[in-house]
Amino acid sequence: CLVHKQWYQRRVRGRHPNFVCEILLWWVFALFSVSRCGFNWTFIGAFNLTCLFTGSVDITEQISSSKYALYAEYQEDVSAFIPSIRMLTIKKKQENKDKDK
């Protein structure tokens, strides 16, 4: 389990990359349609799907927390969607401490 945790510490990523890609895909569709047709209804769809996927994260997090005992620790280490600058600096400090040992 220690090797598995160290592998994740070396890579900063989100817990739900599939949701992030799906959300970005729909926003790109909306932006392409604006460039072609002007402002239209596609932004409503992109916004609704963004709300749907961000709401789905709560459900999947609850399911994963109930299944896996170490999931809470994983949630502390990895951001839900996009890694934050704070998480990047924490990871670098941890890596530097590991190298010093």
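Here the structure is shown first, and the text comes after it.
Residues numbered from 1 in each chain as written. Predicted model: local features only at pLDDT ≥ 70, side-chain atom pairs only at ≥ 80, totals over all residues. Heavy atoms only, no water.

**Q** I tried to follow a nonpolar patch on the surface on my own but got confused; where do I start?
**A** A cluster of nonpolar side chains, contributed by Leu 25, Trp 26 and Phe 29, occupies part of the molecular surface with about 270 Å² of accessible area. You can see Trp 26 is positioned in helix α2 (residues 17-37). The exposure class assigned to Trp 26 is partly exposed, which follows from its relative accessible area of 32%. (Patch = residues over 30% accessible without salt bridge, like charges linked within 9 Å, V, L, I, M, F, W, Y side chains within 5 Å. Areas by Shrake-Rupley, 256 points an atom, 1.4 Å probe, with all protein chains shown as cover. Salt bridge = Lys/Arg side-chain N within 4 Å of Asp/Glu carboxyl O. Helix = DSSP H or I, 4+ residues; strand = E, 2+ residues; numbered from the N terminus. Buried < 20%, exposed > 50% of the residue type's maximum accessible area, 1.4 Å probe, protein only.)

**Q** Whenever I open this one, the packing of aromatic side chains confuses me. Can you help?
**A** Pairs of aromatic rings are described using the distance from one ring centre to the other and the angle between the two planes. Counted by the stated rule, this structure contains five aromatic pairs. Ring centres of Trp 27 and Phe 43 lie 5.8 Å apart, and the angle between their planes is 55 degrees; this geometry places the pair in the tilted category. Here Trp 27, found in helix α2, pairs with Phe 43, found in helix α3 (residues 42-67); they are 16 residues apart in sequence, far enough to count as distant. (Phe/Tyr/Trp six-rings, centres within 6.5 Å; stacked < 30°, edge-to-face > 60°.)

**Q** Explanation requested: α2 in the structure shown.
**A** Given 3.6 residues to a turn, an α-helix orients residues that are three or four positions apart in the same direction. Over its 21 residues, α2 extends 30 Å from the first C-alpha to the last, a length consistent with the 30 Å expected when each residue adds 1.5 Å. Of all the positions in α2, only Phe 19, Val 20, Ile 23, Ala 30 and Ser 33 are classed as buried. One side of α2 holds all its buried residues, which, seen down the axis, span an arc of 160 degrees. Opposite its buried face, α2 presents the exposed residues Asn 18, Cys 21, Leu 24, Phe 32, Ser 35 and Arg 36, each directed more than 90 degrees away. Among the structural elements, α3 are those in contact with the buried residues of α2. Two residues or fewer after α2 comes Gly 38, characterised by a positive phi angle close to 85 degrees. (Expected span 1.5 Å × (residues − 1). Arc of directions from axis to C-beta. Contact = heavy atoms within 4.5 Å.)

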